[in-house]
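Geometric and topological summary
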Amino acid sequence: MTDTKYTIRGETGDWEVVVGLEVHAQVTSNAKLFSGAATAFGAEPNTQVSLVDAAMPGMLPVPNRECIRQAVRTGMAIDAQINKWSRFDRKNYFYADLPQGYQISQLYHPIVGEGAIDISLDDKNPDAAGKRIGVERIHVEQDAGKLMHDQHPTRSYVDLNRSGVALMEIVSKPDLASPAEAGAYLRKLRSILRYVGSCDGNMEEGSMRADVNVSVRKAGDELGTRTETKNVNSVRFVMAVVEQEAKRQIDVIESGGRIIQETRLYDPDRNETRSMRSKEDAHDYRYFPDPDLLPLELDDAFLEECRASLPELPDTKRRRYEALGITPYAAAVMTAEVEAARWFDALLDKGVAPVAAANWTTSELFGALNRTGKDIENSPVSPDQAAELLGLIADGTLSGTLAKQVFEIMLETGQRAAAIVEERGLKQTSDTGEIERVIAEVMAANEDKVADYRGGKDKLFGFFVGQTMKAMGGKANPGVVNDVLKKMLG
């Protein structure tokens, strides 16, 4: 990290911000945590609810092995302590969307203990501006249902489709000290989850959301009283919550008030937080071990299978790319999202030179995708097609200018590069006889500039290159043009 700390200037001086995030990530699995009900997003209300989810009498929960496996794999991906013995607890509270009257969670003995996530605030040099953020724990728990207040003028409806959905709650330590760090942490965590495949990271659909704990203090003071802003569903909003909630707390303290430990909500339209309820402590929920569930005991074979199934993770992949000569910035860009990294790996597997592949991918491909509003998964050009195009550049068939033309045609038509070159006669020429003829014409039409160049105005060389390329429709090999011009201009 750089030495510059994030502070907020108040009337009484500078204040530091202390932030911790509790991220709820929906586990990618074939069913809910304790039932076989489906978990597809967008289903009709109450169509994905088993008797267990609805808390019918006599129904007993059975842990979903895949949900446990995904939580363990996530813990391994952040180099966390995996607890071979863990236990489920009941968190008791009453609400209309919680049919059991309690949530099955893990308080005292979580499945994953302490780990860490490395973040960077500098894309140009990720390692030089890094910071390690501690993760206190990951536990698994079931989600509640959802209240729908906009379906009837006087009534609220309950949709239990989410009831029982498996969540990982990933709790950071209070190591974050600015909105930028909170944003970087959430982006990095989301990236890791998507690489591992344990959560799709879709914050808009609610499969990943963050509770943002914020407090403020003067430098060197003890931790202040924190508030928790619930269910924030975008990186941008998390950063806004940190900034606005910190400013609000400073205003309260400096005006003689005190911060109350409470739960708050974020209003993105007004860019402000507002009080929801006083913050409960663990004893308020009357936690106790769930009597319907035996403790989870993980054997070595299960843990080994989990570890063996992990993919190459983003930091390891980024360093591998850098070792190939790719710039730290390009490597960071291509490893930020798992789909982009997979696409690029497929391109490298075709034998394309790594640096040329990285430069083309980050500039031409990503630029085209941004322009057309598409993501890498829906790219009109496959790694195989891109490899063919880059091969034509490497062997001199296409100049950089011609390659851009061919690429645009590929985007529009889906045709392969070689077919486009053949059909449209876009092949670069290295025929020195033809190039000499065109250069002679250019020089004859610009005798005054030839004289100026020979009189010492070296910068005119670029003019002659441009005129020659223009006369040849961009099809001349630039290297050959330069060589011939140097000889003919003397």
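Keep in mind that this is a model prediction, so the values were computed, not measured.

In this section: the overall build of the protein chain. Along the backbone of the protein chain there are 15 helices and 16 strands. Its C-alpha atoms give the protein chain a radius of gyration of 30 Å, more than 25% over the compact-globule value 23 Å for 490 residues. Taken along its principal axes, the extent of the C-alpha atoms in the protein chain is 95 × 55 × 55 Å. Within the protein chain, buried positions represent 48% of all 490 residues. Taking contacts inside the protein chain between residues at least 6 apart in sequence as the whole, the part at least 24 apart equals 69%. Taking the 59 positively charged and 75 negatively charged side chains of the protein chain as two groups, their mean positions are separated by 1 Å.

With that out of the way, let us pick up the sheet that holds strand β4 (residues 89-92). Taken together, the three strands give an open sheet; going across it, the order is β5-β4-β15, and neighbouring strands pair in antiparallel fashion. The open sheet has two edge strands, β5 (102-105) and β15 (288-289), and neither has a second partner. Taken together, the four bridges between β4 and β5 define a ladder with antiparallel strand orientation. Following the sheet pairing, R90 is matched in β5 by I104.

Within the structure shown, the criterion is met by zero disulfides. No disulfide involves C199; its sulfur sits 12 Å from that of C67, the nearest cysteine. When its relative accessible area of 2% is taken as the criterion, C199 is described as buried. In this structure C306 is not part of a disulfide, and its nearest cysteine sulfur, from C67, lies 12 Å away.

Attention now goes to the packing of helix α5 (residues 314-323) against helix α6 (residues 328-335). Following both chains from N to C, one finds α5 and α6 inclined at 140°, their axes separated by 9 Å at the closest point. The pairing of α5 with α6 is recorded here as oblique in orientation. The crossing of α5 and α6 is right-handed. Counted together, P314, K317, R318, Y321 and E322 of α5 and P328, A331, A332, M334 and T335 of α6 form the full contact between these two elements. Within the contact of α5 with α6, the residues separate by chemical class into six nonpolar, one polar and three charged.

Residues V72, I170 and Y185 are the most contacted members of the largest nonpolar core, which totals 107 residues. Examining the composition of this core, we find that nine residues originate from one element, helix α2 (residues 179-196), more than from any other. Domain assignment of the residues forming this core places at least three in each of domain 1 (7-303) and domain 2 (312-424). Apart from the residues lying within four places of it in its own chain, the contact partners of V72 are I82, I111, L298, F302, L303 and C306. Listed in part, the 19 residues of the second largest apolar core include V438, Y453, F464 and V480.

This part takes up helix α12 (residues 432-445). With 14 residues, α12 should reach 20 Å at 1.5 Å per residue; the first-to-last C-alpha distance of 20 Å fits that figure. Among the residues of α12, those classed as buried are I435, V438, I439, V442 and M443. Looking straight down α12, one finds that the buried residues subtend no more than 140° of arc, so they occupy a single side. Seen from the buried face of α12, the exposed residues on the opposite side, beyond 90 degrees, are A444 and A445. Packing partners of the buried residues in α12 comprise α13 (447-454), α14 (461-471) and α15 (478-489).

Not every positive phi belongs to a glycine, and A55 is a case in point at roughly 60°. The residue A55 is located in the loop between β2 (13-26) and α1 (65-77) in this model. For N271, which is not a glycine, the phi torsion comes out positive at approximately 50°. Its place among the elements puts N271 in the loop between β13 (262-267) and β14 (272-278). The partly exposed category is assigned to N271, whose relative accessible area is 29%.

Secondary-structure assignment places D395 in the loop between α9 (383-394) and α10 (400-413). Using a relative accessible area of 52% as the deciding quantity, one classes D395 as exposed. In this structure the side chain of D395 is engaged in a polar contact, spanning 2.6 Å, whose partner is the side chain of T397.

Now for the layout of surface pockets. The volume enclosed by the second largest pocket comes to roughly 1100 Å³. Considering the residues around the second largest pocket, the lining is formed by 37 residues, among which A332, V333, T335, A336 and E337 are closest to the centre. Broken down by secondary-structure element, the contributors of at least two residues to the lining of the second largest pocket are β6 (115-120), β7 (130-142), α2, α5, α6, α7 (338-349) and α8 (354-372). Looking at which domains feed residues into the lining of the second largest pocket, each of domain 1 (7-303) and domain 2 (312-424) gives three or more.

Attention now goes to the domain arrangement of the protein chain. Put simply, an interface is often sized by how much accessible area is lost when its parts join up. Looking at the protein chain, the domain boundaries give domain 1 (7-303), domain 2 (312-424) and domain 3 (432-489). The straight-line distance from the C-alpha centre of domain 1 to that of domain 3 is 65 Å.

As a further point, take the pattern of salt bridges. Using the criterion set out here, one finds 38 salt bridges in the structure. Measuring nitrogen to oxygen at the nearest pair gives 3.1 Å for the salt bridge that ties R318 to E322. Taken as a pair, R318 and E322 lie in helix α5 at a separation of four residues, close to a single helical turn. For R318, a relative accessible area of 6% corresponds to the buried category. Overall, the relative accessible area of 23% leaves E322 in the partly exposed class. The structure contains a network of salt bridges with shared partners spanning K188, D315, R318 and E322.

Parameters and conventions
Residues numbered from 1 in each chain as written. Predicted model: local features only at pLDDT ≥ 70, side-chain atom pairs only at ≥ 80, totals over all residues. Heavy atoms only, no water. Helix = DSSP H or I, 4+ residues; strand = E, 2+ residues; numbered from the N terminus. Rg over C-alpha atoms; globule rule 2.2 N^0.38 Å. Buried < 20%, exposed > 50% of the residue type's maximum accessible area, 1.4 Å probe, protein only. Contact = heavy atoms within 4.5 Å. Lys, Arg positive; Asp, Glu negative; His and termini not counted. Charge placed at Lys NZ, Arg CZ, Asp CG, Glu CD. Pairing = 2+ DSSP bridges. Disulfide = S-S within 2.5 Å. Axes fitted to C-alpha atoms, helices over the stretch in contact; angles between N-to-C directions. Parallel < 35°, antiparallel > 145°, perpendicular 65-115°, else oblique. Left-handed = near helix turned anticlockwise from the far one by under 90°. Nonpolar A, V, L, I, M, F, W, Y, C, P; charged D, E, K, R; others polar. Core = buried A, V, L, I, M, F, W, Y, C linked by side-chain atoms within 4.5 Å. Domains from an automatic or database assignment. Expected span 1.5 Å × (residues − 1). Arc of directions from axis to C-beta. Polar contact = N/O pair within 3.5 Å; in protein donor to acceptor, adjacent residues only side chain to side chain. 1 Å grid on protein atoms, 1.4 Å probe; cavity = no way out; pocket = protein on both sides within 12 Å on 5 of 7 lines; lining within 4 Å. Points joined across faces, edges and corners; volume = space filled by probe spheres on them. Salt bridge = Lys/Arg side-chain N within 4 Å of Asp/Glu carboxyl O.

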